[in-house]
Amino acid sequence: MTQTTLLQYEAPWPVHALDWCKSTAPGHQSRPRSAFRLGIASFSEDYRNRIAIVGLQDERVLVEDDYTDYPDFVTLVEANHGYPATNLQWQPASASGFSWTGKAPAAELLATTGDALRVWEYFGDAPPASSAYVGRQPTGGGHRLTLKTALSGQSKVQSQSTGPPLTSFSWNEKAPSLVVTSSIDTTCTVWNIDTSTAITQLIAHDREVYDVAWLPGSTDIFVSVGADGSLRAFDLRSLEHSTILYETPAPKSGAPAASASSRLPTSPLLRIAFNPADSNYMSTFHMDGQDVQILDMRSPGQPVIELRGHRAQVNAMGWSTTDRPTLATAGDDCQVLLWDLATYTQTATSPRTANSRLNSPRPDVKKRVVNDPIMAYSASSEVTNLAWSPQIPGMTMNTGHSTAPGEWLAIASGKSIKALKV
């Protein structure tokens, strides 16, 4: 029996944000289907955007390459979102064991950013016992996606009553009630989504903040990148100052000089992501840039690795969750590239614990340029986003077939989503 290595879904609209569920559905841990659920969000320049949860139509698509009776993925439920979602994430795997004050035990949470931070409750498959008829949805059961809270704070730097647009957010794995958002108004805000309150808001950058990420294992330290071309680290225990870990190089001579009234030209940094296997390492890339920079928190100031493989601008990146550091990158050249960075990152010394502060330097490291990804996948059009699955264990299905363990990588390209077995 051949194992499927590609699953596909065609959305009714262009897809921007997407995420793979971090854990199986409550009560369905033994079903392969519950590990194959994606949250997706549309991108249209109006107030009619949607978010949706898609899942497997039939588990047999996992073990039968020629099982074409049904599409691989189908829409399970969708909801209105208004403005486009700039980011969408499923709750961290730790959320199922967290003692929430206002969440039903059967519900899973998703969050989105746009004009506000929205937290959604998702109720998945109704228990099998309530389904009296084969093939018919039980009345009132099935899938539900409802808005739980919308958080939009007063801005420190702008006076309008509604909060400024949010560009991204990071969900804390260790304390899943904590979410930090980034905004075009130069601020980052740390929220407690369980109590729907803002814990703190700080002016993080000189210009728009484009992305933010918690340090893995920490509830105090997060990093952000923005239009001012800097990567900065913040510690909630000492908010009076931040640490600049990296600034984009000044433009080479010949670039137009900035007048006294205009800002200096910079190369904005668009995304930031930690290597979950070794949180000393982060990846970032520049707006319109074709290369990806790998930074080491212990030797700030310049990248320790630069990945050069794309022939057009990079749009997205993500680290796998396995112990071996693997980074996926995707761009306008229709390419998805996989980079194995184990040989470049595992020679490091002086590991830093999540509780230590940002002051464990290591000697300057010479930048290494890596040109050879371990895998390349060509999509039919520009790849705008990607999301890794967690490690999915092998499971036995009702038919007696077994699925092989492993990770999957979902990529968004126009209206198409493809999930690739890695």
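Anything mentioned here points back to the structure above.
What counts, and at which threshold
Residues numbered from 1 in each chain as written. Predicted model: local features only at pLDDT ≥ 70, side-chain atom pairs only at ≥ 80, totals over all residues. Heavy atoms only, no water. Helix = DSSP H or I, 4+ residues; strand = E, 2+ residues; numbered from the N terminus. Buried < 20%, exposed > 50% of the residue type's maximum accessible area, 1.4 Å probe, protein only. Contact = heavy atoms within 4.5 Å. Salt bridge = Lys/Arg side-chain N within 4 Å of Asp/Glu carboxyl O. Phe/Tyr/Trp six-rings, centres within 6.5 Å; stacked < 30°, edge-to-face > 60°. Lys NZ or Arg CZ within 6 Å of the ring centre and 35° of its normal. Pairing = 2+ DSSP bridges. Axes fitted to C-alpha atoms, helices over the stretch in contact; angles between N-to-C directions.

> Residues and numbers for the overall build of the protein chain, please.
Along the backbone of the protein chain there are 1 helix and 29 strands. Burial statistics for the protein chain: of 422 residues in total, 53% are counted as buried. Relative to all contacts within the protein chain whose residues are 6 or more apart in sequence, the contacts with residues 24 or more apart total 57%.

> Can you break down the pattern of salt bridges residue by residue, with the values?
The full count for this structure, using the stated rule, is 16 salt bridges. R48 is the partner of D46 in a salt bridge, and the nearest nitrogen-oxygen pair spans 3.6 Å. Among the residues examined, D46 registers a relative accessible area of 26% and is labelled partly exposed. Between R298 and D296 there is a salt bridge whose closest N-O contact spans 2.8 Å. With respect to burial, R298 and D296 carry one shared label: buried. Linked through salt bridges whose partners overlap, the residues forming this network are D291, E306, R308 and K367.

> Let's hear about the packing of aromatic side chains: which residues, and what values?
For the structure shown, the criterion picks out 8 aromatic pairs. Between Y47 and Y83, the aromatic rings sit 4.8 Å apart at their centres with planes inclined by 75°, giving edge-to-face as the arrangement. You can see Y47 sitting in the loop between β3 (37-42) and β4 (49-56) and its partner Y83 sitting in the loop between β5 (73-82) and β6 (87-90), a full 36 residues away along the chain. With relative accessibility at 44%, the residue Y83 sits in the partly exposed group. Ring geometry for W90 against Y122: centres 6.0 Å apart, planes inclined by 85°, an arrangement best described as edge-to-face. Here Y122 lies in strand β8 (residues 117-123) and W90 lies in strand β6, a separation of 32 residues in the sequence. Residue classification places W90 among the buried residues on the basis of a relative accessible area of 1%. Chaining the aromatic ring pairs together yields one cluster made of W20, F36 and W408. Sitting over the face of the ring of F123, R144 holds its NZ or CZ atom 4.4 Å from the ring centroid.

> Quick one: what's the story with the sheet that holds strand β12 (residues 187-192), residue by residue and with numbers?
With respect to topology, 4 strands assemble into an open sheet ordered β10-β11-β12-β13, the strand pairing being antiparallel. Looking at which strands have only one partner, the edges of the open sheet turn out to be β10 (166-171) and β13 (197-203). Going across the sheet, the axis of each strand differs from the next one's by a mean of 20°, ignoring polarity. Pairing of strand β11 (residues 178-183) with β12 involves 5 bridges; the strand directions are antiparallel. When the bridges of β12 are listed, S182 appears paired with C188.

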